[in-house]
Amino acid sequence: MKIIYSILFTILGLCIIGIIFIYSGIYNVSAMHQDTGITKWVLETTSDKSVESRIKDIKVPDLEDTTMIKIGFAHYKEMCQSCHGAPGFKETDLAKGLNPSPTYLIKYGNKIPPKEIFWVTKNGIKMTGMPAWGKTHSDKKIWAIVAAVRKLSTTSAEKYKSFKSEDENDN
């Protein structure tokens, strides 16, 4: 019985410490402040493992379809470029102000598994500035964005600029 009381007392103590921490205002939520150490590890690991556990059953379509890639670049220009960069474009003030910093997809887009890009694009990530595009875009359009992201590192600035955004295509 002593062990049960010890466990319950420990759990109660941890809950009280957690409540004190939350109400103390000690944790700095400012986007100007970069997380480090255990906080950074907890947040990144939680995010990585959450995505990893949800992408297992996703089926990847043919991402080499040129029509799909062209459509994807049009959507990428509209929705992704300002945070994740693009060939021939400098980092925006928006991207500089986000914490955590958005992944620079020109450099890393072809290194991230397509399933992960799809899931994150569709579902977003809480408290990162990454919206859930699945609320406004079909899976087909999101896969087109994935196809474009996979080609960013090998696309010249001139070629990228030649792709028209959705608004430009409508006019």
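The structure we're discussing is the one just above.
What counts and what doesn't
Residues numbered from 1 in each chain as written. Predicted model: local features only at pLDDT ≥ 70, side-chain atom pairs only at ≥ 80, totals over all residues. Heavy atoms only, no water. Helix = DSSP H or I, 4+ residues; strand = E, 2+ residues; numbered from the N terminus. Rg over C-alpha atoms; globule rule 2.2 N^0.38 Å. Buried < 20%, exposed > 50% of the residue type's maximum accessible area, 1.4 Å probe, protein only. Contact = heavy atoms within 4.5 Å. Salt bridge = Lys/Arg side-chain N within 4 Å of Asp/Glu carboxyl O. Phe/Tyr/Trp six-rings, centres within 6.5 Å; stacked < 30°, edge-to-face > 60°. Core = buried A, V, L, I, M, F, W, Y, C linked by side-chain atoms within 4.5 Å. 1 Å grid on protein atoms, 1.4 Å probe; cavity = no way out; pocket = protein on both sides within 12 Å on 5 of 7 lines; lining within 4 Å. Points joined across faces, edges and corners; volume = space filled by probe spheres on them. Nonpolar A, V, L, I, M, F, W, Y, C, P; charged D, E, K, R; others polar.

S.K.: Explain the overall build of the protein chain here, please?
M.R.: Scanning the protein chain from terminus to terminus reveals 10 helices and 0 strands. Each helix and strand of the protein chain, ordered N terminal to C terminal, gives the series α-α-α-α-α-α-α-α-α-α. In terms of overall dimensions, the protein chain is more spread out than a globule: its C-alpha atoms have a radius of gyration of 21 Å, far above the 16 Å expected for 171 residues. For the protein chain, the spread of C-alpha atoms along the three principal axes comes to 70 × 35 × 25 Å. Classification of the 171 residues of the protein chain by burial places 31% in the buried group. Long-range contacts, defined as pairs at least 24 residues apart, comprise 66% of the intrachain contacts of the protein chain with a sequence gap of at least 6.

S.K.: How should the pattern of salt bridges be read in this particular structure?
M.R.: Opposite charge on two side chains permits them to pair, given that their charged atoms come into close proximity. Overall, the coordinates contain 4 salt bridges when judged by the stated rule. A salt bridge links Lys40 to Glu44; its shortest N-O distance comes to 3.9 Å. Of this pair, Lys40 and Glu44 both sit in helix α2 (residues 37–54), 4 residues apart, roughly one helical turn. A relative accessible area of 39% places Lys40 in the partly exposed class. The salt bridge partner of Lys151 is Glu64, with a shortest N-O separation of 2.8 Å. Separated by 87 residues along the polypeptide, Lys151 in helix α8 (residues 139–151) and Glu64 in the loop between α2 and α3 (66–79) bring together distant segments of the chain. On the basis of relative accessible area, Lys151 is assigned to the partly exposed category, the value being 23%.

S.K.: Honestly, the packing of aromatic side chains in this entry has me stumped. Any pointers?
M.R.: A ring pair, where both rings are aromatic, is described by two values, the distance of the centres and the angle of the planes. Per the stated rule, a full pass over the model turns up 5 aromatic pairs. For the ring pair Phe89 and Tyr160, a centre distance of 5.9 Å and an interplane angle of 80° mean the geometry is edge-to-face. Here Phe89 is found in the loop between α4 (81–84) and α5 (93–97), whereas its partner Tyr160 is found in helix α9 (residues 157–162), with 71 residues between them in sequence. Measuring from ring centre to ring centre gives 4.3 Å for Phe118 and Trp143, while their planes differ by 10°; the resulting arrangement is stacked.

S.K.: What is the right way to read unusual backbone geometry from this model?
M.R.: For residues that are not glycine, phi is negative in most cases, and the peptide bond is trans in most cases. A cis geometry characterises the amide bond from Asn99 onward to Pro100, with omega recorded as 5°. Summarising the element assignment, Pro100 is placed in the loop between α5 and α6 (105–108). One non-glycine residue, Met127, lies in positive phi territory at about 55°. Tracing the backbone through its elements, the reader meets Met127 in the loop between α7 (114–123) and α8.

S.K.: I would appreciate a short explanation of the nonpolar core in the present structure.
M.R.: Generally speaking, nonpolar side chains in soluble globular proteins are found buried as a group. Counting residues in each nonpolar core, the largest one holds 31 residues, and the members touching the most others are Phe73, Tyr76, Trp119 and Trp143. Where this core is concerned, the elements lending two or more residues are α3, α7 and α8. Here the element with the most residues in this core is α8; it accounts for 8 residues. Those residues within four positions of Trp143 in sequence are excluded, and the remaining contacts are Ile58, Lys59, Val60, Pro61, Leu63, Met68, Pro114, Lys115 and Phe118.

S.K.: Which parts of the structure should I look at to understand the environment of Pro113?
M.R.: Summarising the element assignment, Pro113 is placed in the loop between α6 and α7. With 42 residues separating them along the chain, Pro113 and Ile71 place their C-alpha atoms 20 Å apart.

S.K.: Whenever I open this one, the layout of surface pockets confuses me. Can you help?
M.R.: The probe, sized like a water molecule, is rolled over the atoms to show the empty space still left. Taken as a whole, the largest pocket spans an internal volume of roughly 1700 Å³. Taken together, 50 residues make up the lining of the largest pocket; nearest its centre are Ser47, Pro100, Ile125, Lys126 and Thr128. For the lining of the largest pocket, the elements supplying multiple residues, two or more each, are α2, α4 and α7. Broken down by element, the lining of the largest pocket gets its largest block of residues, 13 residues, from α2. Split by residue class, the lining of the largest pocket holds 24 nonpolar, 18 polar and 8 charged.

Geometric descriptors of this kind do not, in isolation, establish any biological role.
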